[in-house]
Amino acid sequence: MLQISTSQRKYFRMKIGEIKKIINEADEDLIRDYVIQWAEANADFAEFMTQKLCPSIDEIDFADELARVIRKNTSFIDSRHYERKVVDWYAILVNLIEPWSADATSFTTERLQELIEAIITEVAMYIDEEDFMGDDWYGDDYSIQIGDIMEHLGNLTGLLALRENVTNDALRSLRSLIVKAKRTDIITRYIGSPYDNMLQLIDIRLESDDLTCALFDIMIKANYNGKAGEWVCRKVDFLRSMGLIQEALELIEANIVYPEVCLKLLNELTAEGKWREAVALLDKAHAIKGDKFYWSGEPNWLEMKYELLQEHGDKQAQISSLTELFYQHWEEKYYHQLKEIVPQDEWKDFYPKLLKFDDDKGYLSYAAPFLIEEHEFERLYQLVKKQFEIYPRSYETVVSYAGVLRDSHGKDIEGMLVTSFSLYAQSRYAPKGKVDKYDYSNFCKALSKLSEMGYAREQRELVEFFSREYARRRTLLNELRKIILQD
C-alpha cells in the first residue's frame, strides 16, 4: 500500500484549499467549459459527473436537494417598503415537488415517508411571513404555488396511509413532526394547509391498524390537486378487494362526474365487449362536460366515441358522431373526414345542412373557410353583408374576405371597404380624441392589403382622403406614408 507522509498530506490540504478558492472565485461559464472539455477527454470523469448531476431517484436526498434548490432560488429585492427575501416557489414546485409526486406511487414506503418529511421540514417549516408579502404587480407572489406544494403534501400523506407495510412507529414519528410543524405554522393563516387531514389520516390508520373507507373519504373530500377522482378509483378497487362489488358499482355511478372514474368504467366496459354501454357512457360524460374546452384537462369524449364507433358502429352512427365533433369547434379535420365518409353523390345535399345555411345566427368566422372550399361565394357574401350591416365600422371583417369575393361581388365589396374604413376613421380619429399608436398601425396595415387583393384604386383614394382629412395626426400620416400605392 502506498504510504503518504504527513508533509504530503499537509501539501495536499493546502492545494485543495487553493483549488476551492479558485473555483469559488472563477467565472461559472469558464468552469462549465473546462468541465465539458475534461469530460470529453476522460470517460471516468464523464461518468462521475453524470452520476452526480443526474442521480437516480433512489439516490436523491430529498431534504438536501430541496434545501439546495431553495437556496439557489432565493434572492433579496427592494420592495415598496423594505428589502425582503423572495423565494421562487414556482421553481421548487415545477422542478422538484411535481416530478417527485408524479413518481411517488413507485417509491418504497420508506422513501415516500422521507419525501413527506423533507417537504415538511425544508418547505413548510421554512416558509415565513415574507413569503406572503409578494405582489402580482412585481411578479413575486407565489402563494398559489405554495398552496399547490401543500396540496401535494396532503396527497402524498394519503398515499402513505394506504401502504399496508407502513409501521405504527413510522406513523407516530411522522405525526410528531406534523404536530411540531403546526406549532410554528403560518401557512394556514394565509391559504390553509393539509395538516389536520394528515393527522386525521394517521390517527385512523393507527387506531384501525388496517385500511378503511374513512381514509379514502378524507382524500376524496379534500380533493388535493383536483385528484378526488383518482381517490374514488382507489376506493372502488379497495371495495372490490373486500368483496363489496355492488357498493363499488354504486360508488362509480355516483361519481361518474370525475373523468378518472369515467375512464375507469369505460375501460372495463370495452374490455368486456360492452361497446353500446361504452358509447352511452361517453355520451353521458360529454353531456356532463358541457362547453368546457379541451385544455380543461378532461378527455375529448366525442373523439373517443368516434374511435369506438369506427370499430363497432355503422356508417350512419359514424357520420352523426363526426358531425358532433365538427360542431364542437368547427375543425377542418372533421369536415374532411365527413367529406370522405359521406357518399360523393350525397355530399352536395349534405354539406349545406352541415353548415346550417338556414341558420340566421352570425357564424361567419366558423363557416367561411368551408364556404370558400365549396365555392359558396353568394352565401359567404350574404354573411359578410349581414355582418357589415350590423357593424359598419368593422373594416377587418370586410378586408378578411375581400380577396375571395373580388370576382363574384367586387363592386359591392368596394363600397363596403370604403364605407367601413371611412366610418372607423371618423369614429376614432376625430379632433382632440386620444388614439393608441397601435390603432394607427393596425388600421394602415389593413389598408395596405387592398392593392394586393385587387382594390388599388380604392386604396389610393382612401389614403389620399385620410391624409387630407386627418392632417393634424402626424402618427397616422407617418403610417399612411409607409403604404406602397399602386396604379
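Whatever comes next refers back to the structure up there.
Residues numbered from 1 in each chain as written. Predicted model: local features only at pLDDT ≥ 70, side-chain atom pairs only at ≥ 80, totals over all residues. Heavy atoms only, no water.

*Asks:* Looking at this model, I keep getting lost on the overall build of the chain. Mind explaining?
*Replies:* On a plain count of helices and strands, the chain comes out with 26 helices and 2 strands. Computed over its C-alpha atoms, the radius of gyration of the chain comes to 33 Å, more than 25% above the 23 Å expected for a compact globule of 487 residues. In terms of overall dimensions, the chain has a C-alpha envelope of 95 × 70 × 50 Å along the principal axes. Looking at the chain as a whole, 39% of its 487 residues qualify as buried. Restricting to contacts in the chain with at least 6 residues of sequence separation, those with at least 24 account for 62%. (Helix = DSSP H or I, 4+ residues; strand = E, 2+ residues; numbered from the N terminus. Rg over C-alpha atoms; globule rule 2.2 N^0.38 Å. Buried < 20%, exposed > 50% of the residue type's maximum accessible area, 1.4 Å probe, protein only. Contact = heavy atoms within 4.5 Å.)

*Asks:* What am I meant to see in the pattern of salt bridges here?
*Replies:* Side chains bearing opposite charge may pair, as long as their charged atoms lie close to each other. In this structure the tally under the stated criterion is 24 salt bridges. As a salt-bridge pair, E268 and R240 come within 2.6 Å of each other at their nearest N and O atoms. In this pair, E268 is assigned in helix α14 (residues 259-271) and R240 in helix α12 (residues 228-241), connecting sequence segments 28 residues apart. For E268, a relative accessible area of 21% translates into the label partly exposed. Here R457 makes a salt bridge to E461, at a shortest N to O gap of 3.4 Å. You can see R457 and its partner E461 sitting in helix α25 (residues 456-469), 4 residues apart, about one turn around the helix. The exposure class of R457 is partly exposed, given its relative accessible area of 46%. (Salt bridge = Lys/Arg side-chain N within 4 Å of Asp/Glu carboxyl O.)

*Asks:* Got a minute to help me understand the nonpolar core in this structure?
*Replies:* Inside soluble globular proteins, nonpolar side chains tend to come together where they are buried. Core analysis: the biggest nonpolar cluster contains 81 residues, and L66, W89, I116, I119, I120 and Y195 have the highest contact counts within it. Ranked by residues supplied to this core, first place goes to helix α7 (residues 143-162) with 9 residues. Discounting chain neighbours no more than four positions away, the residues touching Y195 are I120, A124, M150, L153, I178, A181, K182 and D185. In terms of nonpolar packing, the next biggest core, distinct from the first, is built from 57 residues, L325, I341, A425 and Y440 among them. (Core = buried A, V, L, I, M, F, W, Y, C linked by side-chain atoms within 4.5 Å.)

*Asks:* Quick question: what am I supposed to make of the packing of α7 against helix α11 (residues 213-222) here?
*Replies:* In a pair of packed helices, the angle between the axes and the distance between the axes together describe the arrangement. At their nearest, the axes of α7 and α11 sit 10 Å apart, and the two run at 170 degrees to each other. It follows that α7 is roughly antiparallel to α11 by the angle criterion. For the pair α7 and α11, the crossing hand works out as left-handed. Contacts from G154, N155, G158, A161 and L162 in α7 reach L215, F216 and M219 in α11. (Axes fitted to C-alpha atoms, helices over the stretch in contact; angles between N-to-C directions. Parallel < 35°, antiparallel > 145°, perpendicular 65-115°, else oblique. Left-handed = near helix turned anticlockwise from the far one by under 90°.)

*Asks:* How do you make sense of unusual backbone geometry when you look at a structure like this?
*Replies:* The phi angle of most residues is negative, glycine excepted, and most peptide bonds adopt the trans form. The phi torsion at N225 lies on the positive side, around 55 degrees, for a residue other than glycine. Of the residues examined, N225 reaches a relative accessible area of 24% and is grouped as partly exposed. With phi around 60 degrees, H375 is a residue other than glycine that occupies positive phi space. Within the element layout of this structure, H375 appears in the loop between α20 (364-373) and α21 (377-390).

*Asks:* Looking at this structure, I do not really get empty space enclosed by the protein. What am I missing?
*Replies:* One simple way to see leftover space: roll a probe sized like a water molecule over the atoms. Per the stated rule, a full pass over the model turns up 3 cavities of 30 Å³ or more. A volume near 40 Å³ is recorded for the largest cavity. As for the largest cavity, its lining consists of R84, K85, V86, V87, W89, E130, D131, D140 and Y142. Ranked by residue count, the leading element in the lining of the largest cavity is strand β2 (residues 83-87), at 4 residues. Split by residue class, the lining of the largest cavity holds 4 nonpolar, no polar and 5 charged. (1 Å grid on protein atoms, 1.4 Å probe; cavity = no way out; pocket = protein on both sides within 12 Å on 5 of 7 lines; lining within 4 Å. Points joined across faces, edges and corners; volume = space filled by probe spheres on them. Nonpolar A, V, L, I, M, F, W, Y, C, P; charged D, E, K, R; others polar.)

*Asks:* Please explain the packing of aromatic side chains as it appears in this structure.
*Replies:* Two numbers describe a pair of aromatic rings. These are the distance of the centres and the angle of the planes. Enumeration over the complete set of coordinates arrives at 29 aromatic pairs. Between F62 and W100 the ring centres are 4.9 Å apart and the planes differ by 65 degrees, which places this aromatic pair in the edge-to-face class. Placement of the pair is F62 in helix α4 (residues 62-72) and W100 in helix α5 (residues 89-103), with a sequence separation of 38 residues. In textbook terms, an aromatic cluster arises when at least three aromatic residues are bridged by ring pairs, as seen for F326, Y327, W330, Y335, W347, F350, Y351, Y363, Y366 and F370. The ring of Y327 carries K356 above its face, with NZ or CZ at 4.5 Å from the centroid. (Phe/Tyr/Trp six-rings, centres within 6.5 Å; stacked < 30°, edge-to-face > 60°. Lys NZ or Arg CZ within 6 Å of the ring centre and 35° of its normal.)

*Asks:* Explanation requested: the side chain of D140 in the structure shown.
*Replies:* Here D140 shows up in the loop between α6 (109-124) and α7. A relative accessible area of 8% means that D140 is categorised as buried. Apart from residues no more than four positions distant in its own chain, D140 is found in contact with I77, R84, V86, G134 and D135.

*Asks:* So what exactly am I meant to see when it comes to the state of the cysteines here?
*Replies:* Put plainly, a disulfide is one covalent bond tying together the sulfur atoms of two cysteines. Taken as a whole and judged by the stated rule, the model has 0 disulfides. We note that C233 lacks a disulfide partner, and the nearest cysteine sulfur, in C262, lies 10 Å from it. Given a relative accessible area of 0%, C262 falls into the buried group. (Disulfide = S-S within 2.5 Å.)

*Asks:* What is the right way to look at α14 in this model?
*Replies:* Each α-helix winds once per 3.6 residues, and so residues spaced three or four apart point in a common direction. An ideal rise of 1.5 Å per residue puts 18 Å on 13 residues; α14 measures up with 18 Å between its terminal C-alpha atoms. Every buried residue belonging to α14 is among V261, C262, K264, L265, L266 and L269, and all of these are buried. For α14, the secondary structure elements touched by its buried residues are α12, α13 (245-254), α15 (275-289) and α16 (301-312). Just downstream of α14 lies G273, where phi reads positive at about 75 degrees. (Expected span 1.5 Å × (residues − 1).)

*Asks:* I'm lost on a nonpolar patch on the surface in this one. Help?
*Replies:* There is a patch of nonpolar side chains on the surface, built from I16, I19 and I23 and spanning about 260 Å² of accessible area. Relative to the helices and strands, I19 resides in helix α1 (residues 6-25). Since its relative accessible area comes to 42%, I19 is described here as partly exposed. (Patch = residues over 30% accessible without salt bridge, like charges linked within 9 Å, V, L, I, M, F, W, Y side chains within 5 Å. Areas by Shrake-Rupley, 256 points an atom, 1.4 Å probe, with all protein chains shown as cover.)

*Asks:* Can you help me understand helix α22 (residues 395-402) in this one?
*Replies:* Taken across its 8 residues, α22 has 6 buried, putting it largely inside the fold. Among all positions in α22, only Y395, T397, V398, V399, Y401 and A402 are buried. Next to the buried residues of α22 lie α20, α21, α23 (406-428) and α24 (437-447).

*Asks:* Is there a simple way to explain the environment of R183 in this structure?
*Replies:* Mapping R183 onto the fold places it in helix α8 (residues 168-183). Of the residues examined, R183 reaches a relative accessible area of 65% and is grouped as exposed. As for R183 and M125, which are separated by 58 residues in sequence, their C-alpha atoms are 9.8 Å apart.

Function-wise, these values are silent; they only describe arrangement.
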